[in-house]
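Structural features, examined
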Amino acid sequence: MFDQLLHSQFHFSLETSLLLVILVALEAVLSADNAIALAAIAQGLKTAEQQKRALNIGLIAAYILRITLIFTATWVINFWQVELLGAVYLLWLVFRYFTSSEDDQGHERNLEFSSLWQAIPMIAVTDLAFSLDSVTTAIAVAEDIWLIVIGGTIGVITLRFLAGLFIRWLDEFTHLEDAGFVTVGFVGVRLLLKAVYPSLIVPEWLLISLILGMFVWGFSKRNPDFVAPEEQKTEQSLEA
């Protein structure tokens, strides 16, 4: 009897660990395009300090919304209109980016904000729209709510780290922002198809392959005019 109990605990622990690894991997892959969108929104603020604060506060609000979505997901997925709204929002974000005007340096801007509190709600809502896809995917993989909550928590932490990196990488790599918003469009189209044609299931491997392919292109060309912040500080100190 003791051996059976020990075996069942080990099996539960192993199964739980594997599910958690899968959830974290899904969050990391599905968060890359989300991170680019959030980084582009944060770039609409003028200073690095404002961008950092917008991401920190916006993702705290996003985390609250994401946890709320997890606990209400079994109810939310019964209403296709919710996924339709999320799809329309993400596709609007893509449309807004690709139709935006260029700044004085010839760089495209997705959104520009006159205050920090204009950017924060958009960061939270954007993450919520992405969560409609990732949370329903997580629910399909695991039935335990606490596992999905842990995966979502790790996902938000990963998202904050990635968004901080992407703010710099968007200036460093020429095609990265375009590639990121194309992948945002992929997620929006997938949500739209799930809402309008629920019987049509887009394979997860296809979406992940498309995202990875776009990111390979996004990182394929560096901006020749890019100067790393560390190099800028070195030049300023030498000039001083």
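Just above, that's the structure.
Let me sum up the structure you'll find in this document. Model, not experiment: these values are computed from the prediction. (Residues numbered from 1 in each chain as written. Predicted model: local features only at pLDDT ≥ 70, side-chain atom pairs only at ≥ 80, totals over all residues. Heavy atoms only, no water.)

1. Examining the nonpolar core
Counting residues in each nonpolar core, the largest one holds 53 residues, and the members touching the most others are Leu55, Leu90, Phe166, Leu176 and Phe215. Those elements that place two or more of their residues in this core are helix H1 (2-42), helix H2 (48-76), helix H3 (80-98), helix H4 (116-141), helix H5 (145-172), helix H6 (176-196) and helix H7 (204-218). In this structure, leucine 176 is in contact with Ile36, Phe166, Trp169, Leu170, Phe215, Gly218 and Phe219, ignoring residues within four places of it in sequence. (Core = buried A, V, L, I, M, F, W, Y, C linked by side-chain atoms within 4.5 Å. Buried < 20%, exposed > 50% of the residue type's maximum accessible area, 1.4 Å probe, protein only. Helix = DSSP H or I, 4+ residues; strand = E, 2+ residues; numbered from the N terminus. Contact = heavy atoms within 4.5 Å.)

2. Thoughts on the packing of aromatic side chains
A complete count under the given rule lists eight aromatic pairs for this structure. Judged by centre distance (5.9 Å) and plane angle (35°), the rings of tyrosine 89 and tryptophan 92 are tilted. With a gap of three residues between them, tyrosine 89 and tryptophan 92 both fall in helix H3, about one helical turn apart. Tyrosine 89 gets classed as buried once you look at its relative accessible area, which sits at 16%. You can call tryptophan 92 partly exposed: its relative accessible area is 33%. Ring centres of tryptophan 169 and phenylalanine 219 lie 5.5 Å apart, and the angle between their planes is 80°; on these two criteria the pair is classed as edge-to-face. Here phenylalanine 219 lies in the loop between H7 and helix H8 (229-239) and tryptophan 169 lies in helix H5, a separation of 50 residues in the sequence. Among the aromatic residues, those joined into a ring-pair cluster are Phe166, Trp169, Phe173, Phe215 and Phe219. (Phe/Tyr/Trp six-rings, centres within 6.5 Å; stacked < 30°, edge-to-face > 60°.)

3. Considering the pattern of salt bridges
Here the idea is simple: oppositely charged side chains can pair when their charged atoms come close. Under the defined criterion, the tally for this structure stands at four salt bridges. A salt bridge links arginine 66 to aspartate 127; its shortest N-O distance comes to 2.7 Å. Taken together, the positions of arginine 66 in helix H2 and aspartate 127 in helix H4 put the pair 61 residues apart, joining distant regions of the chain. The class of aspartate 127 is buried, set by a relative accessible area of 0%. Here lysine 194 makes a salt bridge to glutamate 83, at a shortest N to O gap of 3.7 Å. Pair noted here: lysine 194 is in helix H6 and glutamate 83 is in helix H3, with a separation of 111 residues, a long-range link. Exposure remark for glutamate 83: the relative accessible area of 11% places this residue in the buried category. Sharing partners across several salt bridges, the network here consists of Arg168, Glu172 and Arg222. (Salt bridge = Lys/Arg side-chain N within 4 Å of Asp/Glu carboxyl O.)

4. Quick word on the packing of H3 against H6
Where H3 contacts H6, the axes come no closer than 8 Å and their chain directions differ by 155°. Judged on the interaxial angle alone, H6 and H3 are roughly antiparallel. Relative to H6, the crossing made by H3 is left-handed. Partitioned by chemical class, the residues of the contact of H3 with H6 number 17 nonpolar, three polar and four charged. (Axes fitted to C-alpha atoms, helices over the stretch in contact; angles between N-to-C directions. Parallel < 35°, antiparallel > 145°, perpendicular 65-115°, else oblique. Left-handed = near helix turned anticlockwise from the far one by under 90°. Nonpolar A, V, L, I, M, F, W, Y, C, P; charged D, E, K, R; others polar.)

5. Concerning H2
Over its 29 residues, H2 extends only 37 Å from the first C-alpha to the last, a length that falls short of the 42 Å expected when each residue adds 1.5 Å. In the structure, H2 departs most strongly from a straight axis at isoleucine 70, where the bend amounts to approximately 45°. If you check which residues of H2 are buried, you get Gln51, Ala54, Leu55, Gly58, Leu59, Ala62, Arg66, Ile67, Leu69, Ile70, Ala73 and Val76. (Expected span 1.5 Å × (residues − 1). Bend = angle between axes of the 7 residues up to and from the residue.)

This is a description of form; function is not addressed.
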